[in-house]
Amino acid sequence: MRNPELLRYKELSPYANSGSLTREQFLFHETRIVGELYLYGLTDEEIISKVFVENLFRYPTEKMLSNIARACLKRVHSLENLDNPDDKRLIDALVYGSSSVAKQICLYAMMKQNRLINDFMLKVIGNKFAGRDYSFSKLVVSSFLIDLQEQDQWVASWSTSTINKIRQVIVKTLVDNEYLDDNNSRQLNTITITPILEDVLREKHRSALVAFNCLY
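Residues numbered from 1 in each chain as written. Predicted model: local features only at pLDDT ≥ 70, side-chain atom pairs only at ≥ 80, totals over all residues. Heavy atoms only, no water.

### Regarding the overall build of the chain
The helix and strand inventory of the chain stands at 12 helices and 0 strands. Each helix (α) and strand (β) of the chain, taken in turn from the N terminus, gives the series α-α-α-α-α-α-α-α-α-α-α-α. For a compact globule of 216 residues, the expected C-alpha radius of gyration is about 17 Å, and the chain comes in at 18 Å, within 12% of that figure. For the chain, the spread of C-alpha atoms along the three principal axes comes to 50 × 45 × 35 Å. When burial is assessed residue by residue, the chain has 47% of its 216 residues classed as buried. Contacts in the chain between residues at least 24 apart in sequence constitute 68% of all its contacts with a sequence separation of at least 6. Taken together, the 27 basic and 27 acidic charged side chains of the chain have centroids lying 4 Å from each other. (Helix = DSSP H or I, 4+ residues; strand = E, 2+ residues; numbered from the N terminus. Rg over C-alpha atoms; globule rule 2.2 N^0.38 Å. Buried < 20%, exposed > 50% of the residue type's maximum accessible area, 1.4 Å probe, protein only. Contact = heavy atoms within 4.5 Å. Lys, Arg positive; Asp, Glu negative; His and termini not counted. Charge placed at Lys NZ, Arg CZ, Asp CG, Glu CD.)

### Observations regarding the environment of Q25
As for its placement among the helices and strands, Q25 is situated in the loop between α2 (21–24) and α3 (28–39). Linking Q25 and N127, residues 102 residues apart in sequence, is a C-alpha distance of 23 Å. Q25 has contacts with R75, M110, K165 and V169, leaving out every residue within four places of it along the chain. Among the polar contacts listed, one links the side chain of Q25 to the backbone oxygen of T22, at a separation of 3.5 Å. (Polar contact = N/O pair within 3.5 Å; in protein donor to acceptor, adjacent residues only side chain to side chain.)

### A word on the packing of aromatic side chains
Two numbers describe a pair of aromatic rings. These are the distance of the centres and the angle of the planes. On inspection of all chains with the given rule, the structure shows 5 aromatic pairs. The interplanar angle of 50 degrees and the centroid separation of 5.5 Å between the aromatic rings of F57 and Y59 together place this pair among those described as tilted. Given the relative accessible area of 9%, F57 is considered buried. When the ring of F129 is compared with that of Y134, the centres are 6.4 Å apart and the planes differ by 55 degrees; the resulting orientation is tilted. Note on Y134: relative accessible area 23%, which makes it partly exposed. If you follow K103 out to its NZ or CZ, it ends over the ring of F28, 5.5 Å from the centre. (Phe/Tyr/Trp six-rings, centres within 6.5 Å; stacked < 30°, edge-to-face > 60°. Lys NZ or Arg CZ within 6 Å of the ring centre and 35° of its normal.)

### Quick word on the packing of helix α6 (residues 89–96) against helix α7 (residues 99–113)
It is the contact of α6 with α7, at a shortest axis distance of 7 Å, that shows an interaxial angle of 130 degrees. When the axis of α6 is compared with that of α7, the two are oblique. The two elements α6 and α7 meet at a crossing, and its hand is left-handed. Counted together, L90, A93 and L94 of α6 and V101, A102, I105, C106 and Y108 of α7 form the full contact between these two elements. (Axes fitted to C-alpha atoms, helices over the stretch in contact; angles between N-to-C directions. Parallel < 35°, antiparallel > 145°, perpendicular 65-115°, else oblique. Left-handed = near helix turned anticlockwise from the far one by under 90°.)

### Re the nonpolar core
Counting 74 residues, the largest nonpolar core has L116, F120, M121, I125, Y179 and F212 as the members making the most contacts within it. When residues in this core are grouped by element, the largest group, 9 residues, is from α7. Not counting residues up to four positions away in its chain, the partners in contact with F212 are Q104, L107, Y108, M111, Y179, I191, I193, L197 and L201. (Core = buried A, V, L, I, M, F, W, Y, C linked by side-chain atoms within 4.5 Å.)

### Examining the state of the cysteines
In protein chemistry, a disulfide is the covalent bond that joins the sulfur atoms of two cysteines. Per the stated rule, a full pass over the model turns up 0 disulfides. Here C72 stays free of any disulfide, with the sulfur of C106 as its closest cysteine sulfur at 7.5 Å. On the basis of relative accessible area, C72 is assigned to the buried category, the value being 0%. (Disulfide = S-S within 2.5 Å.)

### Describing the confidence of the model for the chain
Close reading of the predicted structure is inappropriate where its pLDDT is low. On average, the chain scores 94 in pLDDT, and the residues at 70 or more come to 99%. Per-element confidence in the chain is highest for α3, whose mean pLDDT is 98, and lowest for helix α1 (residues 4–12), whose mean pLDDT is 87. (pLDDT = per-residue confidence, 0-100.)

Set out below in structure tokens:
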């Protein structure tokens, strides 16, 4: 990045790495694979190497394998309990739990690693659940992104194509987690938080409960 002004905007922005959503997205299956290798006891570099050499993600080309593996590793590490390294409840549930349970945990890991997703889930989805307002449209996502551009110079520098792609990623993530029935849904579903995630959030991150329709 040669523009010093843009570089300064990026350095000051809490959304400095949020543009990576255009390539990283929800990554449910990939994060599960990396989580399983983590539970086997492999080091980060061993995991990245194994994903790359064996193309565990089954991508048509090897171009993005290492970068995506690193992104997934960050999400898995975000689920660690730093106060108790032996507590791997969320990672175990991510890897071995049912698809619906694992997806909620994957979404939480995504929130922890991406400020834009975290803010959207708390400020937009969480506020809608809190207000019992289940209306939805793509305009809701667009309005959130426009507001963000007005507040943050780095986000304001993103191209129209980047903003459009991020909007698509947000909507698809909501569909993948059954907040929406499909890409054109006009109504949010009243999801139920999985008990293991609720327990951890009540212990460590109570403010995130509202994003999973847990209001009390």
